Amino acid sequence: GGGRGRRGGGRGGGPGRPSRPPMDGRQFVHQIGTTGTPTATSFTVAVQGCSHGELDSIYEAVLAYRERNLSRGGGNGGDIDVLLCCGDVQTLRDPSDYHALNVPAKYRTLGDFHAYYSGRKVAPILTVFVGGNHESSNYLQELHYGGWVAPNIYYLGAAGAVRLCKRTEGPGGNTSVSSLRVAGLSGIYNGRHYRLGRYEMPPYNSDELRSVYHTREVDVARMKALGDGPTDVMISHDWPRGVHRHGDEADLVRRKPFFGEEVGSNTLGSVANGELLGTLRPGHWFAAHLHVKFEAEVCHAAPREGASDGGGEEKADGGVDGAVDSLARTTRFLSLDKCLPRRRHIQVVHVEPSSSRPVGHPGEMIRRGSWLEYDPSWLAVLRRTRHLTVRARGAVPAPDVGPATGGEVEEVTRRLGEARASDRDGDDEDEDEDGSVGAPPPEMSPLA
């Protein structure tokens, strides 16, 4: 399943070939589906399949959806808390990045991202994405552990996890900060490079231009350590191996006949993502890559009594060996198409948060909208395994990486608290007209 997406992305263009005119994203609003029911505490998550450089039309579509729903009294379900992009975003800053984009020359085009990178435009919706197999790999490689690629657009890195937060009011007017754990794995699976180090450096040769976006076992081992707690949302480019068995296979093959052999032999999708599906058992898994909308529900067996949430022996169907009881979970899998007219490439999903905490500082009491925070457990895992990120071309041992310990998480949390306090002390915070201290701007959030 690693060889899909050969038709590339972007708007066409290239030597001797006129660029396709920009698409009006508002035409897509009637193709946006909805999953789940909005509540007073749920997060409204917009999910995009393959972006292929079309950020403008994607934002136009999501904003048109928001405007339509709010005008109809959509309430909690009308606004959008985050846009999750499942790869092939193509973060090209200027034409010099073309050498790092693995698409045929006729598909090379700047797309829309360069305007957000330069600051000429600002993303109107908080955006989080993973990398695919058609990316500006040189830029994403600079942010191996993730980071802001442009204001309000965050890359999860080769692998990563963050907390999506917002202020909510419960019964009786009690105010808290609810959060989702959003995890992601970039790239696609290729067994030839899976156990190698990150040896690629620009300028890439023809082999490195492809291997640079191939998933590595070290990152998968790190992701498995997130079994210490619930993962609300997992995003990837590639599908988990075997997930098609939990949906309408016949319809999938009818729409994509060339998948028939891989579906029949259960070789469609990523082996690594299949392992993560069985280990993390996220509430939702969003993907793209195969240019088709497909939904599935994966029911996981509960771990044996006394086993950790991520423990147990993985079964062939992606579950975990053990008796099914009230702890069993279901992963709702959704893959979306690429950004083109009459394609199902955007879905709005209402997701209930798995955790909440008291308001941390006065700015959160008046803060509007959603924001990102570091996931201390993920940072603790990275801190302990940083020696596994090497530039070697040879095989890199990827031992079992256990979940972060309480002491490791406490140390990371302490360091984050000190950094946050230092940021606030160093800023001249202006008081609002009502005398309250304004919330920090986006670039001063805990993820800045």
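Predicted model, so just to flag it, every value in this text is computed and none were measured. (Residues numbered from 1 in each chain as written. Predicted model: local features only at pLDDT ≥ 70, side-chain atom pairs only at ≥ 80, totals over all residues. Heavy atoms only, no water.)

Undergrad: Just to check I follow, could you spell out the overall build of the protein for this structure?
TA: Looking only at helices and strands, the protein has eleven helices and 15 strands in total. Of all 448 residues assigned to the protein, the portion counted as buried reaches 53%. A separation of at least 24 residues holds for 79% of the contacts in the protein among residues at least 6 apart in sequence. Of the roughly 19200 Å² that the protein leaves accessible, carbon and sulfur atoms contribute 49%. (Helix = DSSP H or I, 4+ residues; strand = E, 2+ residues; numbered from the N terminus. Buried < 20%, exposed > 50% of the residue type's maximum accessible area, 1.4 Å probe, protein only. Contact = heavy atoms within 4.5 Å. Areas by Shrake-Rupley, 256 points an atom, 1.4 Å probe, with all protein chains shown as cover.)

Undergrad: Can you help me understand the packing of helix H5 (residues 217-224) against helix H8 (residues 271-280) in this one?
TA: Each pair of packed helices gets described by two things: the angle between the helix axes and the distance between those axes. Where H5 meets H8, the closest approach of the two axes is 10 Å, and the angle between their N-to-C directions is 10 degrees. As the angle between them shows, H5 and H8 are arranged roughly parallel. Residue-level contacts link Val220, Met223 and Lys224 of H5 to Ala272, Glu275, Leu276, Thr279 and Leu280 of H8. (Axes fitted to C-alpha atoms, helices over the stretch in contact; angles between N-to-C directions. Parallel < 35°, antiparallel > 145°, perpendicular 65-115°, else oblique.)

Undergrad: Looking at this structure, I do not really get the sheet that holds strand S3 (residues 82-85). What am I missing?
TA: Hydrogen bonds between backbone atoms are what pair the strands of a sheet, whose relative direction is either parallel or antiparallel. Spatially, the seven strands line up as an open sheet ordered S1-S13-S2-S3-S4-S6-S5, and their pairing is mixed. Two strands close off the open sheet at either side, each with one partner strand: strand S1 (33-35) and strand S5 (147-150). Across the sheet, the mean angle from the axis of one strand to that of its neighbour is 25 degrees, orientation sign disregarded. Both strand S4 (residues 127-129) and strand S6 (residues 153-155) contribute to a ladder of three bridges, which runs parallel. Bridge assignment links Phe129 to a residue of S6, and that residue is Tyr155. (Pairing = 2+ DSSP bridges.)

Undergrad: Explain H5 here, please?
TA: Residue pairs spaced three or four apart in an α-helix point in one direction, given the helix's 3.6 residues per turn. Burial of H5 is extensive: seven of the eight residues sit out of reach of the surface. Every buried residue of H5 is listed here: Glu217, Val218, Asp219, Val220, Ala221, Arg222 and Met223. The elements touched by buried residues of H5 are strand S7 (159-169), strand S8 (175-185), strand S9 (233-236), H8 and helix H10 (376-384).

Undergrad: Even after reading the chapter, I still don't get H10, so can you show me in this structure?
TA: Listed in full, the buried residues belonging to H10 are Ser377, Trp378, Ala380, Val381 and Leu382. A side-chain oxygen of the first residue of H10 lies 3.0 Å from the backbone nitrogen of Ser377; this N-cap is Asp375. (Polar contact = N/O pair within 3.5 Å; in protein donor to acceptor, adjacent residues only side chain to side chain.)

Undergrad: Is there a simple way to explain unusual backbone geometry in this structure?
TA: The phi torsion of most residues other than glycine is negative, and most of the peptide bonds are trans. With omega at 0 degrees, the peptide bond leading from Pro202 into Pro203 counts as cis. With respect to the secondary-structure elements, Pro203 resides in the loop between S8 and helix H4 (208-211). The backbone of His289 shows a phi angle near 75 degrees, a positive value even though the residue is not glycine. The topology assignment puts His289 in the loop between strand S10 (284-287) and strand S11 (294-299).

Undergrad: I would appreciate a short explanation of the packing of aromatic side chains in the present structure.
TA: The description of an aromatic ring pair uses the distance of the two centres, along with the angle that the planes make with each other. Taken as a whole and judged by the stated rule, the model has ten aromatic pairs. Pairing Trp148 with Tyr154 gives two aromatic rings, centres 5.1 Å apart and planes at 75 degrees, and the pair type is edge-to-face. Taking relative accessible area as the criterion, Trp148 reaches 27% and is therefore assigned partly exposed. For Tyr154, a relative accessible area of 5% puts it in the buried group. With 5.0 Å between their ring centres and 80 degrees between their planes, Phe258 and Phe259 make a pair best called edge-to-face. (Phe/Tyr/Trp six-rings, centres within 6.5 Å; stacked < 30°, edge-to-face > 60°.)

Undergrad: How do you make sense of the confidence of the model for the protein when you look at a structure like this?
TA: When pLDDT is low, close inspection of the predicted coordinates is not appropriate. Per-residue confidence for the protein gives a mean pLDDT of 84; residues scoring 70 or more make up 80%. Every residue in residues 306-328 scores below 50 in pLDDT, and together they form 39 contacts with partners more than four places removed in sequence or on other chains. Here residues 429-444 is modelled with pLDDT under 50, and outside its nearest four sequence neighbours on either side it reaches 21 contacts, counting other chains as well. (pLDDT = per-residue confidence, 0-100.)

Undergrad: Just checking my understanding: could you explain the side chain of Thr127 for this structure?
TA: Tracing the chain through its elements places Thr127 in strand S4. A polar contact of 2.8 Å, which involves the side chain of Thr127, links it to the backbone oxygen of Ile125. When neighbours within four sequence positions are excluded, Thr127 is seen to be in contact with Tyr59, Leu83, Cys85, Asn152, Ile153 and Tyr154.

Undergrad: Teacher, can you tell me more about the side chain of Thr331 here?
TA: Within the secondary structure, Thr331 is located in strand S12 (residues 330-335). At 2.8 Å, the side chain of Thr331 and the side chain of His300 are in polar contact. Filtering out sequence-adjacent residues up to four positions away, Thr331 remains in contact with Leu277, Arg281, Pro282, Gly283, His284, Trp285, Ala296, Glu297, Val298 and His300.

Undergrad: Would you take a moment to explain the pairing of S10 for this structure?
TA: Regular strands place their side chains on alternate faces of the sheet. Because side chains alternate across S10, one face comprises the buried residues His284 and Phe286, and the other comprises Trp285 and Ala287, equally buried. For S9 and S10, the ladder comprises three bridges, and the chain directions are parallel. Bridge pairing in S10 links Val233 to His284. Where S10 lies against S12, four bridges are found, and the strand directions are parallel. Directly across from Phe286, in S12, lies its bridge partner Leu334.

Undergrad: Could you clarify how one ought to interpret the pairing of strand S15 (residues 370-374) in this entry?
TA: Along S15, four of the five residues are buried, which leaves the element largely enclosed by surrounding structure. As paired elements, S7 and S15 share five bridges and run antiparallel to each other. Directly across from Leu164, in S15, lies its bridge partner Leu372.

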